[in-house]
Amino acid sequence: MISNTMNKTSTRRMLFLFAVVALLVVPTLLYSLYKIQIRDAAEYQEMAIEQQTRDMLVSPVRGTIYDRNMVPLAMSATVYTIVISPAEIGSDAEAEYIAQGLSEILNMDYDKILKKTQNKKSYYEIVARKVDKTVSDAVREFKTNKATKEFTLAGIKLFEDTKRYYPYSTLLSNVIGFTNYDNEGQYGIELKYEDVLKGVVGRVITAKNNKGSALSFYFEQYNEAQDGLSLVTTIDYGVQQILEKHLAIAQEENNCAEGAVGIVMNVKTGAILGMAQTNNYDLNDPDKLPDEVMEEINRQ
């Protein structure tokens, strides 16, 4: 009799404890599920996508600027960005080997490159930008050289990019203008028609494993870059050359301290065939700009 009473009392106590625990735990679990599945669902989804995918940008080709006869006055050439992915470097020895090889090819400081290999959580450390084909080919040869089988060198990446190039250097410099290091218009036509010339950046999104390596066979989304539109001006390359030549002579002969300006127009249509002022500058080296150009850029 006493034993049955004790068993019932013990059972009641266990049920009571279970009820208390359930009352404490179940609401907490329900709140956690609500928080994860409903309230913060978008945030967790974004974190998961960032963790599971790799997003790379694809640069568009900037549009060409032509004269009236389709002579290119400003165009884009293919160059490359050299990148290190520290997370894909297998050992300190491989990091040192990469730093040594790239420092010799790119003529850069060894310690500076080695430092970029240290952040093992990173997959994208820029080493050099706007590298021409000759140098990029040397990097590819170093990366794929079978003479050294000790390292995979998977941590070295090359990405295609573009660089603005002006084939006639100083011709029409005060009208064409120039771009910055990121191919963004800073002056002249390049700035005025930035939205037309720049194009739309593309993206490549791929799944990655827990080591960061791409799983392109599993998932890949490619949004193609849209190249910029080209512009055809009314300028005539030949007329512009003659105008600039004679303006320079006129300035020197007449000792024009303030410079000289000239415009050649088709009187029947109003089309500008030539437009120039003295004190031109090299569009391929905009770091050495005249003071008046720098002042105008700073006012923008």
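Predicted model, so just to flag it, every value in this text is computed and none were measured. (Residues numbered from 1 in each chain as written. Predicted model: local features only at pLDDT ≥ 70, side-chain atom pairs only at ≥ 80, totals over all residues. Heavy atoms only, no water.)

A few points about the overall build of the protein chain
Okay, so step 1: In terms of regular secondary structure, the protein chain is built from 10 helices and 10 strands.
Okay, so step 2: The 300 residues of the protein chain split such that 33% are buried.
Okay, so step 3: On the protein chain, roughly 19,500 Å² of surface is accessible, and the fraction owed to carbon and sulfur atoms is 54%. (Helix = DSSP H or I, 4+ residues; strand = E, 2+ residues; numbered from the N terminus. Buried < 20%, exposed > 50% of the residue type's maximum accessible area, 1.4 Å probe, protein only. Areas by Shrake-Rupley, 256 points an atom, 1.4 Å probe, with all protein chains shown as cover.)

Details of the layout of surface pockets
Okay, so step 1: Within this model, the second largest pocket holds a volume of roughly 420 Å³.
Okay, so step 2: In this structure, the second largest pocket is lined by 17 residues; those nearest its centre are Lys 163, Arg 164, Thr 179, Asn 284 and Pro 286.
Okay, so step 3: With 3 residues, strand E5 (residues 156–165) is the single largest residue contributor to the lining of the second largest pocket.
Okay, so step 4: Here the lining of the second largest pocket is built from residues that sort into 8 nonpolar, 4 polar and 5 charged. (1 Å grid on protein atoms, 1.4 Å probe; cavity = no way out; pocket = protein on both sides within 12 Å on 5 of 7 lines; lining within 4 Å. Points joined across faces, edges and corners; volume = space filled by probe spheres on them. Nonpolar A, V, L, I, M, F, W, Y, C, P; charged D, E, K, R; others polar.)

A look at a nonpolar patch on the surface
Okay, so step 1: The grouping of Val 20, Val 21, Leu 24, Val 25 and Leu 29 at the surface amounts to a nonpolar patch, some 420 Å² of accessible area in total.
Okay, so step 2: As for its position among the elements, Val 25 is in helix H1 (residues 2–39). (Patch = residues over 30% accessible without salt bridge, like charges linked within 9 Å, V, L, I, M, F, W, Y side chains within 5 Å. Salt bridge = Lys/Arg side-chain N within 4 Å of Asp/Glu carboxyl O.)

With respect to the pattern of salt bridges
Okay, so step 1: Tallying each qualifying case throughout the model produces 9 salt bridges.
Okay, so step 2: Here Lys 133 ties to Asp 137 by a salt bridge, and the two come within 2.9 Å at their closest N and O atoms. Remark: Asp 137 and Lys 133 occur in helix H5 (residues 133–144); sequence separation between them is 4 residues, near one turn of the helix.
Okay, so step 3: In this structure, the salt-bridge partner of Lys 198 is Asp 195, at a minimum N-O distance of 3.6 Å.
Okay, so step 4: Residue Lys 198 is classed as partly exposed on the basis of its relative accessible area, which comes to 38%.
Okay, so step 5: Sharing partners across several salt bridges, the network here consists of Arg 62, Arg 164, Glu 190 and Glu 194.

A look at the environment of Tyr 168
Okay, so step 1: Note that Tyr 168 resides in the loop between E5 and helix H6 (173–176).
Okay, so step 2: A residue is classified by how much of its surface remains accessible, and Tyr 168, at 31% relative accessible area, is partly exposed.
Okay, so step 3: Residues Tyr 168 and Leu 283, 115 residues apart in the sequence, show an inter-C-alpha distance of 8.6 Å.
Okay, so step 4: In this structure Tyr 168 touches Val 71, Pro 72, Leu 73 and Tyr 237, once residues within four positions along its chain are discounted. (Contact = heavy atoms within 4.5 Å.)

Considerations on the packing of aromatic side chains
Okay, so step 1: By the definition in use, this model includes 6 aromatic pairs.
Okay, so step 2: Centroid distance Phe 178 to Tyr 281: 6.3 Å. Interplanar angle 85°. Geometry classified as edge-to-face. Placement of the pair is Phe 178 in the loop between H6 and helix H7 (188–192) and Tyr 281 in the loop between strand E10 (272–277) and helix H10 (291–299), with a sequence separation of 103 residues.
Okay, so step 3: For Tyr 281, a relative accessible area of 3% translates into the label buried.
Okay, so step 4: Within the aromatic cluster, the residues linked to one another by ring pairs are Tyr 97, Phe 142 and Phe 151.
Okay, so step 5: One Lys or Arg, Lys 130, reaches over the ring of Tyr 181 and ends 5.9 Å from the middle of that ring.
Okay, so step 6: The ring of Tyr 80 has Arg 140 sitting right over it, with the charged end atom 4.6 Å from the ring centre. (Phe/Tyr/Trp six-rings, centres within 6.5 Å; stacked < 30°, edge-to-face > 60°. Lys NZ or Arg CZ within 6 Å of the ring centre and 35° of its normal.)

A closer look at the side chain of Asn 174
Okay, so step 1: Locating Asn 174 in the fold gives a position in helix H6.
Okay, so step 2: For Asn 174, a relative accessible area of 16% translates into the label buried.
Okay, so step 3: Looking at Asn 174, its side chain comes within polar contact range of the side chain of Asn 280, at 3.1 Å. (Polar contact = N/O pair within 3.5 Å; in protein donor to acceptor, adjacent residues only side chain to side chain.)

Take it as geometry only, folks, not as evidence of what the structure does.
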